[in-house]
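# Fold and contact review
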Amino acid sequence: MKILLILFGLLALIILFLLFVKLNFYFEGYYNNNESKNFTLRFYVFTKKLGFNIKFKETKKEKEKKEIEKKEGKDSFIDKAKRFKNNIGIFKNTFSASKGHIKKSVIVKNINLNIDFGLGDAAATGISTGVLWGVIYSAFSLICHLFTVENHMFAVDPQFNKKITKINADGIIYTRLVNLIITAVVILTNYSKAKKLIEGYKPEIADDKNINYN
């Protein structure tokens, strides 16, 4: 009985330690459109083996919306970029009320992003790479809006004769686990509010019909 109480006490101390002591939380993200349609994000503290994965999958409603946009000719890279940048603005407004606590409690020590990008056409890839940089920094502005970011490094490698979107991301978040949990709850709660506004947005079709941006 005493041994069980000691073990229970040690377990409680470990849980309290993990909840309230500031730690480095590592994350890695990966996506390759030629392998999967899902973006995978892995979080871990001490070793990758003890981490867990989060897969961002398209919902049935999102897939149906994409099919409609494709039929209407609104699924070009430029249209997708317009939607994404608009969504960033919606998220900024939605998260404004709760950003104060998150920004003080969560520090992103560094974030690295490497993208291999190609649309199978040199001209389209060249034009869209510039648009992609705009999308990246729009997303980064949202991250800076929510968190304290110390360092970052972004790289885009255009593949002019390939059709590929390959993303590798990694970084370190310095915070307490309890703050990370609170942040996740706040983000998920606000995401559901923002999603309703996002679903109602319809971008203008790209002006240039002669270039295939898909």
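This report concerns the structure included in the present document.

Rules of the game
- Residues numbered from 1 in each chain as written.
- Predicted model: local features only at pLDDT ≥ 70, side-chain atom pairs only at ≥ 80, totals over all residues.
- Heavy atoms only, no water.
- Helix = DSSP H or I, 4+ residues; strand = E, 2+ residues; numbered from the N terminus.
- Buried < 20%, exposed > 50% of the residue type's maximum accessible area, 1.4 Å probe, protein only.
- Contact = heavy atoms within 4.5 Å.
- Phe/Tyr/Trp six-rings, centres within 6.5 Å; stacked < 30°, edge-to-face > 60°.
- Lys NZ or Arg CZ within 6 Å of the ring centre and 35° of its normal.
- Pairing = 2+ DSSP bridges.

## A word on the overall build of the protein chain
Secondary structure summary: the protein chain contains 6 helices and 6 strands in total. For the protein chain, with 214 residues in total, the buried portion stands at 32%. Counted over contacts in the protein chain with a minimum sequence separation of 6, partners at least 24 positions apart contribute 75%.

## With respect to the packing of aromatic side chains
Summed over all chains, the structure comprises 5 aromatic pairs. Geometrically, the ring pair formed by tyrosine 26 and tyrosine 44 is stacked, given 5.5 Å between the ring centres and 15° between the ring planes. Of this pair, tyrosine 26 sits in strand E1 (residues 23–32) while tyrosine 44 sits in strand E2 (residues 39–44), placing them 18 residues apart in sequence. Its relative accessible area of 28% is what places tyrosine 26 among the partly exposed residues. Where tryptophan 133 meets tyrosine 137, the ring centres are 6.1 Å apart and the plane angle is 25°; that geometry is what we call stacked. Residue tryptophan 133 and its partner tyrosine 137 are located together in helix H5 (residues 122–146), separated by 4 residues, close to a single helical turn. Taken together, the ring pairs in this structure connect Trp133, Tyr137, Phe140 and Phe154 into an aromatic cluster. Looking at lysine 109, its charged tip hangs above the ring of tyrosine 174, at a distance of 4.7 Å from the centre.

## Some thoughts on the pairing of E1
As defined by bridge partners, E1 adjoins strand E6 (residues 163–175) across 10 bridges and the pair is classed as antiparallel. Bridged to leucine 23 within E6 is threonine 175.

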